[in-house]
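Tertiary structure, described
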Amino acid sequence: MSHLVELKKVEKTELQLGYIPLLDCVALLWAKQRGFFEEVGLNVNLVKEASWASLRDRLAFGLLDAAHCLSAMLPAAAVGTDQIGIPLQTPLVLSENRAFISLSQKLCYALDIQKQDSAESSAKKLTDYIHQHQNVSLAHVFQHSIHHYCLREWLALADPKLAQSIQMKTLPPPYMVEAISNHLIDGFCVGEPWNTQAELQGLSHLVCSSQHIIPNVADKVLAVTQEWAQQHPDTLIALTSAIMKAQHELRLLDDFSPVWQLLIEFDMIQFDCSPEVHVEKYFTIQNIIRNFVQASAEPKAQDFEWLFQQMQKWNGFALDETTYRDQAQNCLLAETFQAASLLS
């Protein structure tokens, strides 16, 4: 389909697209860099947000047209536990289960946590330490996130009661490194590249991955309000198709250096790492980017059902199974995904 035909078709051409500086917003950046938005008649302005709370609010109230969002924001919005209650929907998964837990190097040394320790083993070492009346401060990125649930499920491998009762802090992803550097926290669960940055700065060690703790569910998604989706169906198809094209190209790209340079330009990579320096870290990050979505990027109802179950378990929110199954379906824009697949 030609640029002119696509430009004539979309309901809105000027879009504000929000993101948080994490590796899994890279498809948005790449689509902009490669001109994929322009190919479908869209002029997209990328808007960096300071926190997940500010991104959610600006999306809900129309200051952003679409955004790189935490998957758990959608079920929270569906039932109003986000205190806003403006329904959000998604046509596209941007990443699956790519959270990591890091603890300060000092704490890892005190607990004798080794690189080869299982998630259960490291959790037991930490919970035993806490039971010795040691104060440990842990942080996640948002109350409704797989990061929050992953931290609690990790602790629950060793001590379910402690996992339920422990108080945790909420910090925007880019502030995790600063917080652990200033001894405000002892550990965190966040997406990359912030675990790698803290490790290379000698502040923390990555102790386990969410992939060893929770199911392979959607982590970040492309999200819009339900109202926006209804008012701009063809615009959303065009936007989704451009990002899908970027995802596909990132999976197959031979030369990764332009992607790395893009991440540096957007201040996501703030450390010295290359195919020559910290080589293992460089190729680990490259591999993460190539495999953010392992199969189809189509959102799945069962992922959102799992998120509802986690809300019940850890946020104390009561919802019957029939209701949350229906609400999970309402989070999806399956027809948009299918239409975008044909364009990309």
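Residues numbered from 1 in each chain as written. Predicted model: local features only at pLDDT ≥ 70, side-chain atom pairs only at ≥ 80, totals over all residues. Heavy atoms only, no water.

Focus on the environment of Thr240
As a reminder of what qualifies: Put simply, DSSP marks the helices as runs of H or I at least four residues long and the strands as runs of E at least two long, and each gets a number from the N terminus on. The contact rule is simple, with two residues in contact once any of their heavy atoms fall within 4.5 Å.
Residue position: Thr240 is located in helix H13 (residues 233–252). Spatially, the C-alpha atom of Thr240 lies 19 Å from that of Leu63, the residues being 177 residues apart in sequence. When residues no more than four places from it in sequence are discounted, the contact partners of Thr240 are Pro91, Leu92, Leu222, Thr336 and Ala340.

Observations regarding the pattern of salt bridges
Stated formally: When a carboxyl oxygen of Asp or Glu is within 4 Å of a side-chain nitrogen of Lys or Arg, the pair counts as a salt bridge. Only protein chains enter the accessibility calculation, which uses a 1.4 Å probe. A residue is then buried if its area is under 20% of the maximum for its type, exposed if over 50%, and partly exposed in between.
With the rule as written, the count across this model stands at 15 salt bridges. Between Lys12 and Asp65 there is a salt bridge; the shortest N-O distance is 2.6 Å. On the criterion of sequence distance, the pair formed by Lys12 in the loop between helix H1 (3–9) and strand E1 (14–19) and Asp65 in the loop between helix H4 (52–60) and strand E3 (66–70) is long-range, its members being 53 residues apart. Relative accessible area serves as the criterion here: at 29%, Lys12 is assigned to the partly exposed category. Residue classification places Asp65 among the buried positions, given a relative accessible area of 5%. The partner of Glu305 in a salt bridge is Arg325, with the nearest N and O atoms 2.9 Å apart. Of the two residues, Glu305 is situated in helix H16 (residues 301–314) and Arg325 in helix H17 (residues 321–330); the sequence distance between them amounts to 20 residues. What makes Arg325 partly exposed here is its relative accessible area of 36%. Three or more residues are tied together by salt bridges with common partners; here these are Asp24, Asp219 and Lys220.

A word on the domain arrangement of the chain
By convention, interface size is frequently given as the accessible area that disappears when the constituent parts associate. Going by this rule: An automatic or database domain assignment supplies the start and end points of every domain. Note: buried area is the sum, over both parts, of the accessible area (probe 1.4 Å) each one loses when the two are combined. Only Asp, Glu, Lys and Arg are considered charged, only Ala, Val, Leu, Ile, Met, Phe, Trp, Tyr, Cys and Pro nonpolar, and every remaining residue, Gly among them, polar.
Domain assignment breaks the chain into domain 1 (14–96 + 217–342) and domain 2 (99–212). Tallying the contact residues gives 38 residues for domain 1 and 31 residues for domain 2. Regarding the contact of domain 1 and domain 2, the summed buried area is about 2,700 Å², with carbon and sulfur atoms giving 65% of it. Our count for the contact surface shared by domain 1 and domain 2 stands at two salt bridges. For Lys281, the salt bridge is made with Glu199, and the minimal N-O distance between the two is 2.4 Å. Counting only elements with at least two residues in the side of domain 1 that touches domain 2, the list comes to H4, helix H5 (73–78), strand E10 (218–225), helix H15 (279–290) and H16. Examining the composition of the side of domain 1 that touches domain 2, we find that six residues originate from one element, H16, more than from any other. Of the residues belonging to the side of domain 1 that touches domain 2, the class tally is 22 nonpolar, eight polar and eight charged.

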